[in-house]
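Residues per chain, in single letters:
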Amino acid sequence: MALSGRFRSSLVIGLQGIRARKMRTLLSMVSLFLGVLAVVVVQAGAELAAAAALADVELREGKDGTVQMFVPSEGAAGTIAMDTLKGRKDAVGVISTGAIIGEPGVTPINPHAAPFDGRGRGPDSDYYCDSSGYCFPGRDPKLAATSPGQAIELGLSGMTGDVRQFRPYRPVSGQWLDFDSAPSLSPRLVLNKEAAKGFGRYRVPAEMRIEGAPVNPTPRIIGVVDDGDEQPRAYVRADELLTWMPTTVANQRNGGLQVLLAPTATEIEQILKSRLVANGVAADHMESRVINSKEQIASQLALMRWVFLGMAGLVLLIGVAGILNVGLATVGERVEEFALRRAVGTPRSLLAGIVLAETLLTGLLTSAAAIGFGVLGLKVLGSVLAGRGPFPQQLDFPWQAGVAGVVAGLIAGLLGGLIPAIRAARVPIATVMRA
């Protein structure tokens, strides 16, 4: 109770001291403001950068905890996997193949699904790229016998369900695939941004040639998403894709089937593996791994965060020096007051607590001002960056930055007020006789 009373007394007298010396408190806050703001900005920037980097990784790899499994192209493995995953909400199978949309019998504008603004886009290019994205010098020998025409080549991903629960593709325009309706004979396509760039730049006939398909279907483009892929790609329902080509052909072209499972989908994973092993697929041929995107980017961002925190710490030390300077000057002016308090029985610890309370309250007030400035600044910045690139539609101020600002203000108040507090506690009682 005694300690509680002293703590309360320190706060009350400290608040009275702040009210009595408003100008000096303001000067201390000004000297400390930039340091605390620097810590808040660095922490907020680090959290937003981590979120943006994680969003890009999730587009390509998947959300943390997602189980990624690869089914080999052995016998009827693909058909068994597709039947097992049909209608499942917690697991999605993805078949990847290639397609050409446009005039038949011509060289595509972007051979091997190359980016439209990159190398290897034509038969006479100095470089050409294969379907895996590897580029080589020279002319592509496979395209020598055909003439250039109005056709676009792109990657094609056939999905058994909504893959966005595992890879959160960002919508750009139109709509996403509807997996609850009946399959259509005219495949519905959702393009990525690179593919949409090609179709916006060139006018091509609506005829799609799929590797291994006996006839050419007529596709319908219903939407555009941002999937983080630099190569043109389209997404289609697997049942609409397999209407025009056998599952075995799709698996052979792709080298297998990729399966994405929720962390709780252990039952369907075991059922799928059991059915495949029972049909002759070797157990060691079915690779699976748990995606951990945060671990991949943690090491990349840690060094940058510590470097900028070090710079912010230097700015914070300047603020600490300002508080220390003002605190020493204030204690020098209040020597008679502290001596008189000592003469009437005030403990040394309470005198030190009064000075520390003033500096800590000053640090808290400065933290509140810096955090408020950071919140307003992020709102202004959010109106410019929101929805662009990896940034979400709404940029929220990270709570970690607020905590960092409060901690920085308290540390600065403690360091800046420690020496003045010790000096106040050591004021001799005899000083009151000089007044």
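Before any of the text, the structure's been laid out above.
Report follows, based on the coordinates.

1. Observations regarding the packing of aromatic side chains
Then step 1. One pass over the structure, following the stated rule, counts five aromatic pairs.
Then step 2. Plain terms: the ring middles of Phe33 and Phe373 are 6.0 Å apart, the flat faces sit at 80° to each other, and that makes the pair edge-to-face. Pair noted here: Phe33 is in helix 2 (residues 22–60) and Phe373 is in helix 10 (residues 348–385), with a separation of 340 residues, a long-range link.
Then step 3. Through successive ring pairs, a cluster of aromatic residues spans Tyr169, Trp176 and Tyr235.

2. With respect to empty space enclosed by the protein
Then step 1. Throughout the structure, instances matching the rule amount to one cavity of 30 Å³ or more.
Then step 2. Estimated volume of the largest cavity: approximately 190 Å³.
Then step 3. In terms of lining, the largest cavity is formed by 16 residues, of which the most central are Val326, Gly327, Thr330, Glu358 and Thr359.
Then step 4. Contributing elements (two or more residues each) for the lining of the largest cavity: helix 1 (2–20), helix 2, helix 8 (293–333) and helix 10.

3. Points about the pairing of strand 10 (residues 233–237)
Then step 1. Most of strand 10 sits inside the fold, with five of its five residues counted as buried.
Then step 2. On strand 10, burial covers both faces: Arg233, Tyr235 and Arg237 on one face and Ala234 and Val236 on the other are all buried.
Then step 3. As defined by bridge partners, strand 5 (residues 151–159) adjoins strand 10 across five bridges and the pair is classed as parallel. Pairing of Gly155 across the sheet is with Arg233, part of strand 10.
Then step 4. In the sheet, strand 7 (residues 188–192) pairs with strand 10 via two bridges, with the strands oriented antiparallel. Across the sheet, residue Leu191 finds its bridge partner in strand 10, namely Ala234.

4. Some words on a nonpolar patch on the surface
Then step 1. Taken together, the side chains of Leu303, Met304, Val307, Phe308 and Met311 present a nonpolar region at the surface, about 490 Å² in accessible area.
Then step 2. Note that Val307 resides in helix 8.
Then step 3. On the accessibility criterion, Val307 (43% relative accessible area) is partly exposed.

5. Topic: the nonpolar core
Then step 1. Counting 36 residues, the largest nonpolar core has Val71, Met159, Trp176 and Leu276 as the members making the most contacts within it.
Then step 2. Secondary-structure elements contributing two or more residues to this core are strand 1 (67–71), helix 3 (77–85), strand 2 (91–102), strand 9 (220–226), strand 11 (257–261) and helix 7 (266–278).
Then step 3. Tallying contributions element by element places helix 3 first for this core, with five residues.
Then step 4. What Leu276 contacts, discounting residues up to four positions off in sequence, is Met69, Val71, Ala77, Ile80, Val281 and Met286.

6. What to know about unusual backbone geometry
Then step 1. Notably, His112 is not glycine yet its phi reads approximately 60°, a positive angle.
Then step 2. Residue position: His112 is located in the loop between strand 2 and strand 3 (127–129).
Then step 3. A positive phi is found at Ala113, a non-glycine position, where the angle reads about 55°.
Then step 4. Along the chain, Ala113 turns up in the loop between strand 2 and strand 3.
Then step 5. Judged by relative accessible area, which is 10%, Ala113 ranks as buried.

7. Considerations on helix 9 (residues 335–343)
Then step 1. Every buried residue of helix 9 is accounted for by Val335, Phe338, Ala339 and Arg342. Considered in projection along helix 9, the buried side chains sweep an arc of 100° and stay on one side of the axis.
Then step 2. After helix 9 finishes, the residue Gly345 shows a positive phi value of roughly 100°.

8. Details of the pattern of salt bridges
Then step 1. The full count for this structure, using the stated rule, is 12 salt bridges.
Then step 2. In this structure, Arg289 engages Glu61 in a salt bridge whose closest nitrogen and oxygen atoms are separated by 2.7 Å. Taken together, the residues Arg289 in strand 12 (residues 287–290) and Glu61 in the loop between helix 2 and strand 1 connect sequence positions 228 residues apart.
Then step 3. Taking the relative accessible area as the measure of exposure, Arg289 reaches 35% and is therefore partly exposed.
Then step 4. Beyond isolated ion pairs, a larger network of salt bridges with shared partners links Asp117, Glu194, Lys197 and Arg201.

9. Here's the deal with the environment of Leu191
Then step 1. For Leu191, the location among the structural elements is in strand 7.
Then step 2. You can call Leu191 buried: its relative accessible area is 2%.
Then step 3. With 30 residues separating them in the primary sequence, Leu191 and Ile221 have C-alpha atoms 7.3 Å apart.

Calculation notes
- Residues numbered from 1 in each chain as written.
- Predicted model: local features only at pLDDT ≥ 70, side-chain atom pairs only at ≥ 80, totals over all residues.
- Heavy atoms only, no water.
- Phe/Tyr/Trp six-rings, centres within 6.5 Å; stacked < 30°, edge-to-face > 60°.
- Helix = DSSP H or I, 4+ residues; strand = E, 2+ residues; numbered from the N terminus.
- 1 Å grid on protein atoms, 1.4 Å probe; cavity = no way out; pocket = protein on both sides within 12 Å on 5 of 7 lines; lining within 4 Å.
- Points joined across faces, edges and corners; volume = space filled by probe spheres on them.
- Buried < 20%, exposed > 50% of the residue type's maximum accessible area, 1.4 Å probe, protein only.
- Pairing = 2+ DSSP bridges.
- Patch = residues over 30% accessible without salt bridge, like charges linked within 9 Å, V, L, I, M, F, W, Y side chains within 5 Å.
- Areas by Shrake-Rupley, 256 points an atom, 1.4 Å probe, with all protein chains shown as cover.
- Salt bridge = Lys/Arg side-chain N within 4 Å of Asp/Glu carboxyl O.
- Core = buried A, V, L, I, M, F, W, Y, C linked by side-chain atoms within 4.5 Å.
- Contact = heavy atoms within 4.5 Å.
- Arc of directions from axis to C-beta.

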